[in-house]
Amino acid sequence: TIARSLGIIQTVASLPMNTRNEATGEKITQPRVINQPDPRIPGTTFWSWIISDLFFFPSAYAYVMERYADTGRIRAMERVAPERVTIQTNGVGTEIVSYSIDGSYVDPSNLVVFAGTQEGLLNRAGRTIRAAAALERAALDFAADPIPQMVLKSNGTSLPADRVSKLLGAIRNRARKSVIYLNADVDLSTIGYDPKNLQLNEARNYLALELSRAAGLPAYFTDSQQSSFTYSNALDKRRDLVDFAFRNYMSIIEQRLSFADFTPAGNRVSFDLDDFLRGNPYERAQVYEILNRIGAMSVSEIREEEDMLL
């Protein structure tokens with residue numbers, strides 16, 4: 001469930017970002033660091049790691065590798081795993097005063113902090129994750145050894161040690177469907193509960209729902225709940241994802257990249273959702289027809305929007 005939730009949210013990493021002038025809304029040329037922060041790896045990989053860090057931890061981090069000589073703005077950066085970063089606060093614990101990576105002090109100007117708005121899944125749902133892991137172990141135990149625990153009880157006669165050892169050895173081989181013979185002086189009984197009485201399936205379904213809630217996704221997206229996706233409502237589902245799951249991660253990244261150490265004043269960075277939220281071809285054609293008729297879009301602009309050759 002967690003892997004499915006993270007995979008869906010990491011869809012954000014595949015979305016392109018644009019830089020626009022805040023006054024005119026016009027797209028402007030942006031540096032490579034926006035869509036490919038680390039020149040050694042694809043931009044999608046970098047942003048997937050950052051989103052994963054924000055998903056599990058309160059914040060995500062990147063270390064500045066290179067700056068532009070003329071402006072001092074960041075030209076390249078590499079992701080730093082949150083568990084490598086430690087913080088030092090003031091005496092009352094209300095403000096961060098310094099950062100360290102692997103125990104070594106780092107200049108704050110060289111550490112890009114994507115400050116999250118939540119405590120992270122590991123802090124928020126740690127007990128639920130541990131309960132799910134314990135439930136998986138219990139299910140594995142029953143799958144490997146489906147027969148309940150057995151007890152051999154003597155009916156009054158004290159059996160010699162070699163006899164007891166042979167009986168226990170025969171019982172341990174029960175998974176091989178071997179035949180076991182017991183005299184009247186020994187009884188065989190079982191203790192414990194079977195998977196049905198333990199309600200393992202019900203408990204696993206409940207935890208899947210809880211983990212979906214903790215991840216901030218509707219349960220039907222993680223296959224934890226039955227749902228009917230149709231061609232007509234798929235776009236509405238995507239809008240729900242953007243509004244109630246993606247928006248938080250997108251805003252953190254957009255607003256941090258709009259700081260002056262990345263983007264000149266008066267400009268802002270934003271994700272391009274056009275392709276992700278575009279309707280089916282018939283709906284788009286209807287919209288284009290209206291926009292063209294009122295003079296809002298030309299034929300060449302429509303062809304460009306649809307990636308058609310001019």
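See the structure shown above.
Read on for an overview of the structure. Predicted model only: the values in this text are computed from it and were never measured. (Residues numbered from 1 in each chain as written. Predicted model: local features only at pLDDT ≥ 70, side-chain atom pairs only at ≥ 80, totals over all residues. Heavy atoms only, no water.)

Topic: the overall build of the protein
Scanning the protein for helices and strands turns up eleven helices and eleven strands. For the protein, the proportion of its 310 residues judged to be buried stands at 33%. Of the roughly 19100 Å² that the protein leaves accessible, carbon and sulfur atoms contribute 51%. (Helix = DSSP H or I, 4+ residues; strand = E, 2+ residues; numbered from the N terminus. Buried < 20%, exposed > 50% of the residue type's maximum accessible area, 1.4 Å probe, protein only. Areas by Shrake-Rupley, 256 points an atom, 1.4 Å probe, with all protein chains shown as cover.)

Structural notes on unusual backbone geometry
Outside of glycine, negative phi angles account for most residues, and trans bonds account for most peptide bonds. Phi angles above zero are rare outside glycine, and Asp102 is one such case at about 55°. Assignment of secondary structure puts Asp102 in the loop between β6 (96–101) and β7 (104–106). Among the residues examined, Asp102 registers a relative accessible area of 52% and is labelled exposed.

Describing the pattern of salt bridges
The tally for this structure, following the rule as stated, stands at ten salt bridges. Across the pair Asp38 and Arg40 runs a salt bridge, and its minimum N-O distance is 2.9 Å. Residue classification places Asp38 among the buried residues on the basis of a relative accessible area of 4%. According to the relative accessible area criterion, Arg40 is exposed, its value standing at 56%. Linked through salt bridges whose partners overlap, the residues forming this network are Asp38, Arg40 and Glu78. (Salt bridge = Lys/Arg side-chain N within 4 Å of Asp/Glu carboxyl O.)

Concerning the side chain of Ser212
Position of Ser212 among the secondary structure elements: in helix α7 (residues 200–215). Classification of Ser212 as buried rests on a relative accessible area of 1%. Of note is the side chain of Ser212, whose polar atom sits 2.6 Å from the side chain of Thr222. Sequence-distant contacts of Ser212, that is, excluding residues within four places in its chain, are made with Thr1, Leu217, Ala219, Thr222 and Ser224. (Polar contact = N/O pair within 3.5 Å; in protein donor to acceptor, adjacent residues only side chain to side chain. Contact = heavy atoms within 4.5 Å.)

Here's the deal with the packing of aromatic side chains
For the coordinates displayed, the defined rule picks out five aromatic pairs. Ring centres 5.0 Å apart and planes at 85° place the aromatic pair Phe46 and Trp47 in the edge-to-face group. Each member of the pair Phe46 and Trp47 is classed as buried. Their ring planes at 85° and their centres at 4.9 Å tell us that Phe55 and Phe56 sit as a pair that is edge-to-face. Each member of the pair, Phe55 together with Phe56, is buried. (Phe/Tyr/Trp six-rings, centres within 6.5 Å; stacked < 30°, edge-to-face > 60°.)

As for the nonpolar core
Residues Trp47, Met77, Phe114, Phe246 and Leu257 are the most contacted members of the largest nonpolar core, which totals 45 residues. Looking at this core, the elements with two or more residues in it are α1 (2–9), α2 (43–56), β3 (59–67), β4 (74–80), β8 (111–115), α7, α8 (234–257) and β11 (267–271). When residues in this core are grouped by element, the largest group, nine residues, is from α8. Leave out the neighbours within four places in its chain, and Met77 touches Pro37, Asp38, Phe46, Trp47, Ala62, Tyr63, Val64, Met65, Val112, Phe114, Leu257 and Phe262. (Core = buried A, V, L, I, M, F, W, Y, C linked by side-chain atoms within 4.5 Å.)

Looking at the sheet that holds β11
A sheet is described by the order of its strands in space; here three strands give the open sequence β2-β1-β11, paired in antiparallel fashion. What marks the edges here is a single partner per strand, and that holds for β2 (27–28) and β11. Relative to β2, strand β1 (residues 17–21) runs antiparallel, the two being bridged by two bridges. Bridge pairing in β2 links Thr19 to Ile28. (Pairing = 2+ DSSP bridges.)

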